[in-house]
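# Results of the structural survey
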Amino acid sequence: GTERFFVGLVDLNVSTYDHGGGYVDNDGSGIITRGSIKGNYNGPAPWLPDMIHDYEITVKAYDSNGKVIGIGKKVNKFLFGPVE
């Protein structure tokens, strides 16, 4: 019953930086592909070499009525440089 997802990101090392968030329509694949998020979303990107930051990624699932039907969160470490 998931129509779309909301993806949000918080840098746990610099929580004052606003990474924004955005929506992506559910295509049924179970995968949110790079570039598919619509909105003001800035992905994880520590700004100095050898810098490692912890990011909390939150994904909320919405049904066709706009009701939240699921929430997932995970913390990952990201290094300086482009995300592969």
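Note that this is a predicted model, so its numbers are computed, not measured.

About the cut-offs
- Residues numbered from 1 in each chain as written.
- Predicted model: local features only at pLDDT ≥ 70, side-chain atom pairs only at ≥ 80, totals over all residues.
- Heavy atoms only, no water.
- pLDDT = per-residue confidence, 0-100.
- Helix = DSSP H or I, 4+ residues; strand = E, 2+ residues; numbered from the N terminus.
- Pairing = 2+ DSSP bridges.
- Axes fitted to C-alpha atoms, helices over the stretch in contact; angles between N-to-C directions.
- Salt bridge = Lys/Arg side-chain N within 4 Å of Asp/Glu carboxyl O.
- Buried < 20%, exposed > 50% of the residue type's maximum accessible area, 1.4 Å probe, protein only.

## A word on the confidence of the model for the protein
Taken residue by residue, the protein gives an average pLDDT of 90. The fraction at 70 or more is 95%. No element of the protein has a lower mean pLDDT than strand β3 (residues 38-41), which averages 89, and none a higher one than strand β5 (residues 68-79), which averages 95.

## What about the sheet that holds strand β4 (residues 52-62)?
Across a sheet, paired strands are connected by hydrogen bonds in the backbone, their directions being either parallel or antiparallel. The sheet built from five strands is open, its strands ordered β3-β2-β1-β4-β5 with antiparallel pairing. The two strands at the open ends of the sheet, each matched to only one other strand, are β3 and β5. When strand polarity is set aside, the average angle formed by the axes of neighbouring strands in this sheet is 20 degrees. In the sheet, strand β1 (residues 4-11) pairs with β4 via eight bridges, with the strands oriented antiparallel. Across the sheet, the residue bridging to V10 is E56, located in β4.

## A word on the pattern of salt bridges
Within the structure shown, the criterion is met by two salt bridges. For D25, the salt bridge identified is with K38, shortest N-O distance 3.5 Å. One end of the pair, D25, is in strand β2 (residues 20-25); the other, K38, is in strand β3, with 13 residues separating them in the sequence. Both residues of the pair, D25 and K38, belong to the exposed class. With a closest N to O distance of 2.8 Å, D54 and K77 form a salt bridge. On the criterion of sequence distance, the pair formed by D54 in strand β4 and K77 in strand β5 is long-range, its members being 23 residues apart. Judged by its relative accessible area of 59%, K77 is exposed.

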